[in-house]
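Observations on chain architecture
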Amino acid sequence: MLKVISIMLVFTGLVSIVAALKPAYRTYQSVRGRDWGILLTLMAAFVFGYVSFLYMLFFSPSSLLDLGMATILCGGGIFVIVVMQLSFKSINHANAESIRQFHEARHDALTGLPNRTHFMEYVNDLLCKENLNKKHFAVLILDLDRFKEINDTLGHAVGDELLAQLGRRIKKLSTSNNMVSRLGGDEFALILPVVDESEAVAGAEQLADIVEQNFSIEDYVLAVDSSIGIALYPRDGVDQGSLMKHADVAMYLAKAKKQRYVVYDESKDYLSSTRLKLLARFEDALLGEEFELYYQPVFASGDLPVYGFEALLRWRQPDGSLMLAGEFIPQIEQTRFIGSLSRWVIKRAVKKLALLSGFELDLSMNINLSAMDLQDETLAAYIKSCVDEYSVNPESLCFEVTETAIMFDLPRAIEVAAAIRSLGSNIALDDFGTGFSSLSLLREFPANVVKIDSSFVATMSVNPEDRSIVKSMVKLGHNLDRSVVAEGVEDLNSLNYLKQFGCDFMQGRLLSKPMSCSDTLSWLDAYLLKSKEELGRLNNIN
Ligand code: C2E
Ligand code: MG
Ligand code: MG
């Protein structure tokens, strides 16, 4: 009996050790550590020990000592299998965790698509020297149009759901030969093996079709457009950086031109990619109230009473800084966006003038127009609608236009300006002296105000020639029955000269720099207080 129990115990231990060999071997295979190799050898030696002891138990009389030994061997075997199973499980768990983390680091959580890091690795792999199968391919970058609008108006949950649905649609384009990715935000990218440009264009068309199918989210049915930029390897770049940049530039061009896609074309002026980015942000900026009007006071000659303000546009940047009109208006003027921007400015400035009427100062408001505005035959009607909406006197408005803008299409510009004049509003020839300064233009164009450019005014106190030019301009303006404004008055000497020459109005940093909407109001408060004090002082003297 003692013998049978001992044999059974040792046999159980042996089976356990043999069973533990499998997880130990698999762990050794996944870890490939020397320690696990030694452990495996030891376990094999133990198996040999167990078999030898079993053999001895069979062929010799058993004792209580053998039973004790058999119990220890049985426990040892069970201990080994438990430890091996647990080790194997924890190592497996750790492996799975690190695989998950690796996957997460290279995939986007919202759409499940490969992220920017993964995408860049893929492009690098395609481009690396060792890749003997280097083939032609296209990089497509897609950006949704007006996605910010959806986020802002319908909320981020709807925006996220739209991206998730789009991600699922784009994922369907994924094959073993290409790569689809969400680069971030509303930007997606695709790598397509292509032979030529037409194949890349076909890919872009397919991608645009996918985006343009309506999205059903909550109770909304949303239609979304996209802009796609295409760059081809090796034609448009042989390294990751230039390929991505060129696809990006083409994408911004597609956005600015309102096209579904644009293929990068080196012969075009792409130095201005910042310009294109600026334009791409424009619509969102207009909706997001990123534009602001600053107001620079204009003073009448003599005792310099405030006469009115010139509205000057500013663009608030995401970092809080202000971009001056001169830094972005010329770019926007090259697009059809300028029309909507000018209308925004007109409405704001007219509204501001209505607000200023509370100061009992019969103030005027100068508004700058662009060349395109002078081609817009409906502009006068729009101005009239603003004037009516805010009940302001149209005679208090003055629209400033430059000679260059007028020359774009002179007959049409004259028509539009005449229509504005017929409302009772004024037209000023801005920056006079820097453009064509054609005297016939001064005669033909229905402007009743001339603004002498700051380049003459700023230097007139030190440069006698500029002084003579300013003096002649004032005289010329008056002889043609135009009011004359000098802009860019920066020093007292110039101011005194201008008064001496009989210049009607002046503006410049010496008198006041352009101010924000709220600063303008406090400035006027302070101005009125000072005027009343001066009036009181004069009455006391009398
Ligand atoms: P502008 O109409 O000749 O406006 C005067 C510019 O001179 C403004 O620059 C103003 O800030 C600046 N300035 C003010 N005081 C002084 C001074 O003492 N010295 C000098 N040298 N400059 C002074 P800003 O705001 O950058 O505007 C530049 C140009 O952009 C404007 O020239 C105007 O042509 C255009 N602009 C401004 N706002 C608008 C707008 O709402 N619509 C359009 N279409 N054009 C605008
Ligand atoms: Mg101006
Ligand atoms: Mg000017």
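Predicted, not measured: the structure shown is a model, and the values here were computed from it.

Here we look at the overall build of the protein chain
When you go through the protein chain residue by residue, the secondary structure sums to 19 helices and 16 strands. In summary, the protein chain has a C-alpha radius of gyration of 40 Å against a globular reference of 24 Å for 542 residues, an excess of more than 25%. Principal axes of the C-alpha set define a box for the protein chain whose edges measure 140 × 65 × 55 Å. Put simply, the protein chain has 542 residues, and 46% of those count as buried. Considering only residue pairs separated by 6 or more positions, the protein chain has 68% of its internal contacts joining residues 24 or more positions apart. For the protein chain, the exposed surface amounts to about 27700 Å²; the carbon and sulfur share of it is 57%. Charged side chains of the protein chain number 52 positive and 68 negative; the gap between the two group centres comes to 6 Å.

Structural notes on the coordination of the magnesium ion (ligand 2)
In the first shell of the magnesium ion (ligand 2), the protein supplies E310 (OE), N368 (OD1), E400 (OE) and D430 (OD), at 2.0 to 2.3 Å from the metal. The sequence pattern formed by the donor residues of the magnesium ion (ligand 2) is E-x57-N-x31-E-x29-D. Distance-wise, the magnesium ion (ligand 3) is placed 4.0 Å from the magnesium ion (ligand 2), both being coordinated by D430. Pair noted here: N368 is in strand β11 (residues 364–368) and D430 is in strand β13 (residues 426–432), with a separation of 62 residues, a long-range link. Its relative accessible area of 27% is what places N368 among the partly exposed residues.

Re the domain arrangement of the protein chain
Entries for the protein chain in the domain assignment read domain 1 (2–105), domain 2 (116–269) and domain 3 (275–524). Centre-to-centre, using C-alpha coordinates, domain 2 lies 42 Å away from domain 3. With 10 residues of domain 2 at the interface, the matching set in domain 3 holds 9 residues. Of the roughly 940 Å² buried between domain 2 and domain 3, counting both surfaces, carbon and sulfur atoms make up 65%. There are 0 residue pairs in polar contact (both at pLDDT 80 or more) connecting domain 2 and domain 3. Counting residues per element, the side of domain 2 that touches domain 3 draws most heavily on helix α8 (residues 240–257), at 6 residues. Grouping the amino acids of the side of domain 2 that touches domain 3 by side-chain chemistry returns 4 nonpolar, no polar and 6 charged.

Some thoughts on the coordination of the magnesium ion (ligand 3)
Distances from the magnesium ion (ligand 3) to its protein donors, D430 (OD), D431 (OD), E487 (OE) and E487 (OE), fall within 2.0 to 2.7 Å. In terms of primary sequence, the donors binding the magnesium ion (ligand 3) are separated according to D-D-x55-E. For D430, a relative accessible area of 7% corresponds to the buried category. By relative accessible area, D431 is classed as partly exposed at 24%.

With respect to the pattern of salt bridges
Per the counting criterion, the structure on display carries 23 salt bridges. Among the charged side chains, a salt-bridge network with shared partners connects E205, D209, E212 and R260.

Concerning the pairing of strand β3 (residues 187–193)
Regular strands show a simple pattern: their side chains alternate between the two faces of the sheet. Among the 7 residues of β3, 6 are classified as buried, and the element is accordingly described as predominantly covered. Here strand β1 (residues 137–144) runs beside β3; their pairing, made up of 7 bridges, is antiparallel. Across the sheet, residue L140 finds its bridge partner in β3, namely L190. Bridging between strand β2 (residues 179–184) and β3 involves 5 bridges; their strand directions are antiparallel. The residue bridging R182 from the neighbouring strand is F188, located in β3. Between β2 and the antiparallel strand that follows it, β3, lie 2 residues; G185 among them carries a positive phi value of about 50 degrees.

What about the site of ligand 1?
The environment of ligand 1 is formed by 24 residues, the closest being R314, S370, D430, E490 and R509. Between a nitrogen atom of ligand 1 and a side-chain N or O atom of E490, the distance comes to 2.5 Å. Contact with the protein chains covers 82% of the free accessible surface of ligand 1, which is 790 Å². Elements represented by at least two residues in the shell around ligand 1 include exactly β9 (306–316), α10 (325–332) and β13. Looking at which element gives the most residues to the shell around ligand 1, the answer is β9, with 4 residues. Considering only residue class, the shell around ligand 1 consists of 9 nonpolar, 7 polar and 8 charged.

Concerning the sheet that holds strand β7 (residues 261–263)
With mixed pairing, 5 strands are arranged side by side in an open sheet as β2-β3-β1-β6-β7. Each of the sheet's edge strands pairs with one partner strand only, and the pair in question is β2 and β7. On average, each strand axis in the sheet is inclined to that of its neighbour by 20 degrees, with strand direction left out of account. Taken strand by strand, helix α4 (residues 116–127) contacts β1, β2, β3 and β6 (226–233), and its axis lies near 135 degrees from that of β2. This element, helix α7 (residues 197–212), spans β1, β3, β6 and β7 of the sheet and lies at about 155 degrees to β6.

What about the side chain of N115?
Within the secondary structure, N115 sits in the loop between α3 (64–105) and α4. N115 gets classed as buried once you look at its relative accessible area, which sits at 13%. Reaching out from N115, the side chain makes a polar contact with the backbone nitrogen of H118 at a distance of 3.1 Å. With sequence-adjacent residues up to four places away left out, N115 is seen in contact with E104, A105, R106, H107, D108, S181 and R182.

The rules we used
- Residues numbered from 1 in each chain as written.
- Chains lettered and ligands numbered in written order.
- Predicted model: local features only at pLDDT ≥ 70, side-chain atom pairs only at ≥ 80, totals over all residues.
- Heavy atoms only, no water.
- Helix = DSSP H or I, 4+ residues; strand = E, 2+ residues; numbered from the N terminus.
- Rg over C-alpha atoms; globule rule 2.2 N^0.38 Å.
- Buried < 20%, exposed > 50% of the residue type's maximum accessible area, 1.4 Å probe, protein only.
- Contact = heavy atoms within 4.5 Å.
- Areas by Shrake-Rupley, 256 points an atom, 1.4 Å probe, with all protein chains shown as cover.
- Lys, Arg positive; Asp, Glu negative; His and termini not counted.
- Charge placed at Lys NZ, Arg CZ, Asp CG, Glu CD.
- Donors = N, O, S within 2.8 Å, 3.2 Å for Na, K, Ca; no water.
- Domains from an automatic or database assignment.
- Buried area = accessible area lost by both parts, 1.4 Å probe.
- Polar contact = N/O pair within 3.5 Å; in protein donor to acceptor, adjacent residues only side chain to side chain.
- Nonpolar A, V, L, I, M, F, W, Y, C, P; charged D, E, K, R; others polar.
- Salt bridge = Lys/Arg side-chain N within 4 Å of Asp/Glu carboxyl O.
- Pairing = 2+ DSSP bridges.
- Near = heavy atom within 4 Å.
- Axes fitted to C-alpha atoms, helices over the stretch in contact; angles between N-to-C directions.

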